[in-house]
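What follows is the residue order along each chain.
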Amino acid sequence: MDTKHFEYFRVVYEEKSIHAAARKLFISPQGLGRIIQNIENEFGTSFFTRTKNGVFPTEEGILFYEQCVRTSQELDVPHLRIRQMEERNHSIRIGFATGTLQLFPLEVLFRFIEENPKIQVNWCEYHNPELISKILESEVDYGFIVGNAPRDRLVQHLRCVCPVVLLVYKGHPLYHEKIVSLDMLKEEKLILMNEMFQIYHDFLRACRLHGFEPRVIAKTMDGATLYRLCTAGLGVAVSPHFPDQNLQNVRAIPLVGDYNWEIYGTWLKEQESNESIRLLDNFLKNELT
């Protein structure tokens, strides 16, 4: 018996009607009726009692239905695994840690998509710890995370580096400094990217290690807003110094220690056989180095 006939039988059993089941299966009632009749003939028994109000299972029909359910479940497992393997090799889910899209050259990703039309690419933003969890849980195939994640299960390659600077507005006492230390910021009004950004947590930890709690007056998710608040003279801002940033009446001053925003391409070691991940990582290696 054709294995798909198990599913035909299940639908008829559950709908209790040849006509209703045929509509769901997109076949003719006559064709479906013949299939059910052939199944009964093959087993030498009647699985349904036919009435004007529909079809109702016999004891043999109930027993056969239970077997059909078990068989369908057993058949679904290898089909699902095969489909998942095919999807893994022909699609890739990319995650960007919040803010990294401002640094990552998207034209590189678009070229990868153009040159690999058979690979379906989807991407989304997550805050850094969430993205690491998504990768570990196999919900993201390839992630651009900020900083090194010391996990035994992860592979990481450095893909982008962006210096972190202090944005200082014209007229501020620090405006003409060549370099700024954290100790010089103890009393300053500070504007930071918010908790969704790894730089926020790194900066707070560094200040506390220097023995003070930073005076944060504003937090934002948007680099343009951070720059605008600084320009308005509300405070000085700690920010990645993006390559295309056009600063007017604001100076980007290096911080002591050469703190950089390091972006790592990251994926699970157990996914090293994934063709899409290998293609993407090799492509980025050639384009970004």
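Residues numbered from 1 in each chain as written. Predicted model: local features only at pLDDT ≥ 70, side-chain atom pairs only at ≥ 80, totals over all residues. Heavy atoms only, no water.

*Asks:* Can you explain the overall build of the chain? Please cite residues and give values.
*Replies:* A count of helical and extended segments in the chain gives 9 helices and 11 strands. Principal-axis analysis of the C-alpha atoms gives the chain an extent of 95 × 40 × 35 Å. Going through the 289 residues of the chain one by one, you find that 45% of them count as buried. When the accessible area of the chain is evaluated, it comes to approximately 16200 Å², of which 50% is carbon and sulfur surface. (Helix = DSSP H or I, 4+ residues; strand = E, 2+ residues; numbered from the N terminus. Buried < 20%, exposed > 50% of the residue type's maximum accessible area, 1.4 Å probe, protein only. Areas by Shrake-Rupley, 256 points an atom, 1.4 Å probe, with all protein chains shown as cover.)

*Asks:* Please provide a residue-by-residue account of the side chain of N116, values included.
*Replies:* For N116, the position within the fold is in the loop between α5 (106–115) and β4 (120–126). One polar contact links the side chain of N116 to the main-chain carbonyl oxygen of F112, over a distance of 2.9 Å. (Polar contact = N/O pair within 3.5 Å; in protein donor to acceptor, adjacent residues only side chain to side chain.)

*Asks:* Just give me the short version of the environment of R70, but keep the residues and values in it.
*Replies:* With respect to the helices, strands and loops of the structure, R70 is situated in helix α4 (residues 59–90). There is a polar contact of 3.0 Å between the side chain of R70 and the side chain of Q67.

*Asks:* Which residues make up unusual backbone geometry, and what values do they have?
*Replies:* A positive phi angle, near 55°, is found at K16, a position not held by glycine. Its place among the elements puts K16 in the loop between α1 (4–15) and α2 (18–25). Residue class for K16 comes out partly exposed when judged on its relative accessible area of 39%. The phi dihedral of F26 falls on the positive side, at around 60°, and the residue is not glycine. Mapped onto the elements of the fold, F26 is located in the loop between α2 and α3 (29–43).

*Asks:* Tell me what's going on with the pattern of salt bridges, and back it up with residues and numbers.
*Replies:* Opposite charge on two side chains lets them pair, provided their charged atoms get close. According to the stated counting rule, one finds 12 salt bridges in the structure shown. Where E213 meets R208, a salt bridge forms, and the shortest distance between an N and an O atom there is 2.7 Å. The class for R208 is partly exposed, based on a relative accessible area of 46%. A cluster of three or more residues bridged by salt bridges with shared partners is formed by E7, R10 and E14. (Salt bridge = Lys/Arg side-chain N within 4 Å of Asp/Glu carboxyl O.)

*Asks:* Help me get a handle on the environment of G95, residues and values and all.
*Replies:* Mapped onto the fold, G95 is located in strand β3 (residues 91–97). For G95, a relative accessible area of 0% translates into the label buried.

*Asks:* So what about the packing of aromatic side chains? Which residues, and what values?
*Replies:* All told, the structure shown has 16 aromatic pairs when counted by the stated rule. Ring geometry for F43 against F47: centres 5.9 Å apart, planes inclined by 55°, an arrangement best described as tilted. Here F43 falls in the partly exposed class, since its relative accessible area comes to 44%. Owing to a relative accessible area of 4%, F47 belongs among the buried residues under this scheme. Site record: aromatic cluster; members linked through ring pairs are F6, F9, Y13, F43, F47, F48, F64 and Y65. Over the face of the ring belonging to Y175 we find R251, whose NZ or CZ atom lies 6.0 Å from the ring centre. (Phe/Tyr/Trp six-rings, centres within 6.5 Å; stacked < 30°, edge-to-face > 60°. Lys NZ or Arg CZ within 6 Å of the ring centre and 35° of its normal.)

*Asks:* Any details on the state of the cysteines? Residues and values, ideally.
*Replies:* A covalent bond between the sulfur atoms of two cysteines is what we call a disulfide. On inspection of all chains with the given rule, the structure shows 0 disulfides. Of all cysteine sulfurs in the structure, the one in C160 sits closest to C124, which takes part in no disulfide; the separation is 19 Å. (Disulfide = S-S within 2.5 Å.)

*Asks:* Describe the packing of α1 against α3, naming the residues involved and giving the relevant values.
*Replies:* Contact pair α1 / α3: the axes reach a minimum separation of 10 Å and the direction vectors enclose 105°. In terms of orientation, α1 and α3 fall into the roughly perpendicular class. Taken together, the residues of α3 that come into contact with α1 (itself represented by H5, Y8, F9 and V12) are L32, I35, I36 and I39. Residue composition of the contact of α1 with α3, by class: 7 nonpolar, 1 polar and no charged. (Axes fitted to C-alpha atoms, helices over the stretch in contact; angles between N-to-C directions. Parallel < 35°, antiparallel > 145°, perpendicular 65-115°, else oblique. Contact = heavy atoms within 4.5 Å. Nonpolar A, V, L, I, M, F, W, Y, C, P; charged D, E, K, R; others polar.)

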